[in-house]
Amino acid sequence: LVHQAGGNVMAYLELARVIGSRRAVYGIQSQGVDGSLDPLSDVESMAALYLSAIRRVQPHGPYLLGGHSMGGKVAYEMVRQLEAANESVAMLAIIDVPAWADETFVMPDEATALARIVEQIEDHYGCALDIDGLEALAPSARYDLILQRMTDRQLLPAGAGRDQLRGLLQAYQANMKAVLQYRPGRTRSDILGVASTELASQSRGDVSLGWQSLTSGRVIVEELPGTHVSILRDPDVERVAEVLLRAAASA
């Protein structure tokens, strides 16, 4: 499972817990999300790096790959590169993301990006950090405030500090830039799409969410109750897990 725009794989925790009792689950996290390295800035390079990591665990296919949101597009590019290397792909699961780009999206400034990271942290841990008005603070004060609130709520591992938070920000900005610039080529693999009712309502009349135009294989999209966020949370995540497990078994 490939990371979302936030760069880490914590969003898959509940999904991995459900699937993990029946199959192993591996998460692919962004380079630089911990602040130790510069993040990559294009989907093609990400796909190549992630495949090199996967091949250290499983040198050859068939592979079962997937991802939610941005992770679905990176997984798609990984499949294209596997096909070019004559490797077998048993399953490509693209979770709640259409093939088309969001032409209305505007890259956020630092304060806005940090606010979105705060929202992701709050959503994941189910708590409120009570942070408002980041745009009025100096950059260093923004980091200090977020770190203090996370420390107060015991959400930080030992030794975590500005470098880790800065890594999250840089990874988020690099990932958003990469996915906005990505123009997918064609593939021959089948695609399993999982769409929340929220996304399905925006389908533009295309039940394949645009993916059929990119592959000579079959595209099957399963619409499930929920939103882009709730689809990876209990109870909606149970249905997603069943779809993936059923598809993996038949693959």
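Above this text you will find the structure in question.
Residues numbered from 1 in each chain as written. Predicted model: local features only at pLDDT ≥ 70, side-chain atom pairs only at ≥ 80, totals over all residues. Heavy atoms only, no water.

A. Representation of the packing of aromatic side chains within the structure. Enumeration over the complete set of coordinates arrives at 1 aromatic pair. One cation-aromatic arrangement involves arginine 166 over tyrosine 143; the distance from NZ or CZ to the ring centre is 4.9 Å. (Phe/Tyr/Trp six-rings, centres within 6.5 Å; stacked < 30°, edge-to-face > 60°. Lys NZ or Arg CZ within 6 Å of the ring centre and 35° of its normal.)

B. Looking closely at the nonpolar core. Residues Val74, Tyr76, Met78, Ile146 and Trp211 are the most contacted members of the largest nonpolar core, which totals 54 residues. Tallying contributions element by element places helix α6 (residues 162-181) first for this core, with 8 residues. With near-sequence residues (within four places) excluded, tryptophan 211 lies in contact with Lys73, Tyr76, Ile94, Val97, Pro98, Ala99, Ile191 and Val219. (Core = buried A, V, L, I, M, F, W, Y, C linked by side-chain atoms within 4.5 Å. Buried < 20%, exposed > 50% of the residue type's maximum accessible area, 1.4 Å probe, protein only. Helix = DSSP H or I, 4+ residues; strand = E, 2+ residues; numbered from the N terminus. Contact = heavy atoms within 4.5 Å.)

C. Structural detail: the packing of helix α4 (residues 110-125) against α6. As a packed pair, α4 and α6 sit with axes 10 Å apart at the nearest point and diverge in direction by 105°. What the angle tells us is that α4 and α6 run roughly perpendicular. Residue-level inspection shows Glu110, Ala113, Leu114, Arg116, Ile117 and Gln120 of α4 in contact with α6, the latter providing Leu168, Leu169, Tyr172 and Gln173. Residue classes in the contact of α4 with α6 are distributed as 6 nonpolar, 2 polar and 2 charged. (Axes fitted to C-alpha atoms, helices over the stretch in contact; angles between N-to-C directions. Parallel < 35°, antiparallel > 145°, perpendicular 65-115°, else oblique. Nonpolar A, V, L, I, M, F, W, Y, C, P; charged D, E, K, R; others polar.)

D. Fine view of a nonpolar patch on the surface. Taken together, the side chains of Met10, Leu13 and Tyr125 make up a nonpolar region of the molecular surface, amounting to roughly 250 Å² of accessible area. With respect to the helices and strands, the residue methionine 10 is situated in the segment before α1 (13-19). What makes methionine 10 partly exposed here is its relative accessible area of 36%. (Patch = residues over 30% accessible without salt bridge, like charges linked within 9 Å, V, L, I, M, F, W, Y side chains within 5 Å. Areas by Shrake-Rupley, 256 points an atom, 1.4 Å probe, with all protein chains shown as cover. Salt bridge = Lys/Arg side-chain N within 4 Å of Asp/Glu carboxyl O.)

E. Structural detail: the environment of alanine 47. The residue alanine 47 is located in helix α2 (residues 43-57) in this model. The residues touching alanine 47, leaving out its near neighbours within four places in the chain, are Val74, Glu77, Met78 and Gln81.

F. Focus on the pattern of salt bridges. A complete count under the given rule lists 9 salt bridges for this structure. Note that aspartate 130 is salt-bridged to arginine 153, the shortest N-O span being 3.2 Å. With aspartate 130 in the loop between α4 and α5 (139-152) and arginine 153 in the loop between α5 and α6, this pair connects stretches of sequence that are 23 residues apart. Under the relative-accessibility criterion, aspartate 130 is labelled exposed at 52%. Between arginine 166 and aspartate 163 there is a salt bridge, with the nearest N and O atoms lying 3.6 Å from each other. You can see arginine 166 and its partner aspartate 163 sitting in helix α6, 3 residues apart, about one turn around the helix.

G. Just α4, in detail. Between its first and last C-alpha, α4 extends 22 Å over 16 residues, near the 22 Å set by a 1.5 Å rise per residue. Every buried residue belonging to α4 is among Ala111, Ala113, Leu114, Ile117, Val118 and Ile121, and all of these are buried. Across the axial projection of α4, the buried residues extend over an arc of 160°, all falling on one side. Lining the buried residues of α4 we find α5 and α6. After α4 finishes, the residue glycine 126 shows a positive phi value of roughly 65°. (Expected span 1.5 Å × (residues − 1). Arc of directions from axis to C-beta.)

H. How the structure looks around the pairing of strand β1 (residues 63-68). Counted residue by residue, β1 has 5 buried out of 6 residues, so it is predominantly covered. Here 6 bridges tie β1 to strand β2 (residues 89-95), and the two strands are oriented parallel to one another. Looking across to β2, one finds that leucine 65 is bridged to leucine 92. You can see the chain leave β1, run along helix α3 (residues 70-84) and come back into β2, and the turn it takes is right-handed. (Pairing = 2+ DSSP bridges. Right-handed = clockwise from strand over helix to strand, strands pointing away.)

I. Broad picture of the sheet that holds β2. Taken in spatial order, the 4 strands line up as β1-β2-β3-β4 in an open sheet, and their pairing is parallel. Only two strands of the sheet have a single partner each, and these edge strands are β1 and β4 (219-224). Shown here is a sheet whose adjacent strand axes are inclined to one another by a mean of 15°, direction ignored. In the packing of α3 onto the sheet, contacts are made with β1, β2 and β3 (191-196), and the angle to β1 comes to roughly 155°.

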